[in-house]
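One letter stands for each residue in the lines below.
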Amino acid sequence: MKKLNLLTLFLLLLPLSLFARIESHQFDNPDQEALYLRLTKELRCLVCQNQNLADSNADLAKDLREKAYEMVKSGKSHDEITDYMIARYGDFVLYRPPVNTSTYLLWIGPFVFLLLALFALFYFIRRKSSSGDAPTAEQLKSARKYLDN
Amino acid sequence: MNRYLLPLAGFIILVGFLAAGLKLDPKEIPSPLIDQPAPIFSVPTLFDAAQLIGTEQLKGQAWLLNVWASWCVACRQEHPLLNELARQNLLPIVGLNYKDERDDAIEWLGELGNPYTIIAHDLKGDVGIDFGVYGVPESFLIDKNGQIRYKQIGPFSADDIQQTLLPLIKTLNEES
């Protein structure tokens with residue numbers, strides 16, 4: 001029975017290893033290879049949106065990796081290749097959103113909220129500490145009595 | 001009383017944003033190609049590999065580019081609507097058979113009918129990349145000057161065609 005379970009497990013895992021594959025690319029120099037690796041990390045797979053091109057096994061990601069490889073190989077620069085992708089798929093293809101008018105809120109928003117929170121905190125602390133009337137002479141006297149004992 | 005108003009206002013604003021967020025479809029990425037010239041391509045047609053079809057041959061008229069494949073399930077769902085649209089004879093419907101085997105594609109059309117005026121065969125998906133295709137089916141409406149005016153991501157519904165596509169086709173056909 002135990003053996004059968006192991007066999008089942010093995011058979012279940014088998015397809016995974018069949019699908020795993022390594023694309024081997026030849027580059028002219030280490031710079032090109034570094035650029036290719038950087039691009040595949042920075043560019044998003046449009047089909048499985050939370051993966052970059054390097055991680056994704058989707059067909060389109062494979063095609064775009066191939067495209068990036070060809071362009072790197074033909075000596076295109078990082079900006080030329082990302083511009084090529086943006087022209088077709090929009091800013092969304094970049095994992096790191098560019099700073100422009102439509103993303104100001106995205107970039108600045110967290111700092112605005114931090115400032116607001118700090119102001120609110122400051123305001124509440126000041127109000128708390130200044131709340132309540134100053135102690136009367138009577139109260140001071142009784143407090144003194146406790147302290148002296 | 002006043003001390004509850006501020007959190008309540010904040011809560012209502014938050015709910016507003018979340019409600020709007022629920023209606024957004026993260027799969028629909030706005031195309032940068034809208035109001036840009038359609039990418040130039042020239043590839044063999046599906047039925048005759050010796051004949052080329054591309055942007056050049058389609059100039060001077062409004063046309064619809066529909067990206068499809070025989071392996072695409074949603075295309076099957078959309079197909080009857082395209083057949084219906086083709087019957088109305090409003091504009092050429094150009095198919096872009098995307099990363100598909102010629103025989104499979106022809107068999108698929110034999111089974112479900114062929115709404116296309118002409119079909120471009122994009123075996124390697126290069127034309128698809130130029131058009132920024134990431135989910136089949138997709139459709140592009142292109143005007144007489146070769147500009148992309150509208151992009152549909154995913155299959156058309158009957159409502160999409162009635163409320164969006166048909167009025168746009170009418171406008172484009174009336175433009176000089």
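These lines cover the structure that appears in this document, whether it is placed above or below. All values reported here derive from a predicted model rather than from experimental measurement.

### With respect to the interface of chain B and chain A
For step 1, the next point in the chain: In this complex, chain B contributes 15 residues to the contact, which on the side of chain A involves 15 residues.
For step 2, the next point in the chain: Summed over both sides, the interface of chain B with chain A buries roughly 1200 Å², with 53% coming from carbon and sulfur.
For step 3, the next point in the chain: Among the residues chain B hides against chain A, the three largest losses belong to B:Ile29, B:Ile129 and B:Tyr134. Together they make up 42% of the total.
For step 4, the next point in the chain: Connecting chain B to chain A are three salt bridges.
For step 5, the next point in the chain: For the salt bridge of B:Lys99 with A:Asp63, the shortest nitrogen-to-oxygen distance reads 2.4 Å.

### Focus: helix H3 (residues 102-112) of chain B
Residues and elements named next belong to chain B.
For step 1, the next point in the chain: Among all positions of H3, only Ala105, Trp108 and Leu109 are buried. All buried residues of H3 project into a common sector of 95° when viewed along the axis, lining one side. What points out from H3, more than 90 degrees from its buried face, is the exposed set Asp103, Glu107, Gly110 and Glu111.
For step 2, the next point in the chain: Against the buried residues of H3 lie strand S3 (63-68), helix H2 (73-87), strand S4 (93-98) and strand S5 (118-122).

### Description of the pairing of S4(B)
All names here are of chain B.
For step 1, the next point in the chain: Across the six residues of S4, six count as buried, placing the element largely inside the fold.
For step 2, the next point in the chain: The two faces of S4 match: Ile93, Gly95 and Asn97 on one face and Val94, Leu96 and Tyr98 on the other face are all buried.
For step 3, the next point in the chain: Here S3 pairs with S4 via five bridges, running parallel. The residue bridging Val67 from the neighbouring strand is Leu96, located in S4.
For step 4, the next point in the chain: With respect to chirality, the unit in which S3 leads through H2 into the neighbouring parallel S4 is right-handed.
For step 5, the next point in the chain: Two elements, S4 and S5, share five bridges in a ladder whose sense is parallel. Residue pairing in the sheet places Val94 in a bridge with Ile118 of S5.
For step 6, the next point in the chain: Regarding the hand of the β-α-β motif, the stretch spanning S4, H3 and S5 is right-handed.

### So, a nonpolar patch on the surface
All names here are of chain A.
For step 1, the next point in the chain: On the surface, Val99, Tyr104, Leu106, Trp107, Ile108, Val112, Phe113 and Leu116 cluster together into a nonpolar patch covering about 810 Å² of accessible area.
For step 2, the next point in the chain: Relative to the elements of secondary structure, Phe113 occurs in helix H5 (residues 104-130).
For step 3, the next point in the chain: Classification of Phe113 as exposed rests on a relative accessible area of 60%.

Basis of the calculations
Residues numbered from 1 in each chain as written. Chains lettered and ligands numbered in written order. Predicted model: local features only at pLDDT ≥ 70, side-chain atom pairs only at ≥ 80, totals over all residues. Heavy atoms only, no water. Contact = heavy atoms within 4.5 Å. Buried area = accessible area lost by both parts, 1.4 Å probe. Salt bridge = Lys/Arg side-chain N within 4 Å of Asp/Glu carboxyl O. Buried < 20%, exposed > 50% of the residue type's maximum accessible area, 1.4 Å probe, protein only. Helix = DSSP H or I, 4+ residues; strand = E, 2+ residues; numbered from the N terminus. Arc of directions from axis to C-beta. Pairing = 2+ DSSP bridges. Right-handed = clockwise from strand over helix to strand, strands pointing away. Patch = residues over 30% accessible without salt bridge, like charges linked within 9 Å, V, L, I, M, F, W, Y side chains within 5 Å. Areas by Shrake-Rupley, 256 points an atom, 1.4 Å probe, with all protein chains shown as cover.

The values are spatial; any link to function lies outside them.
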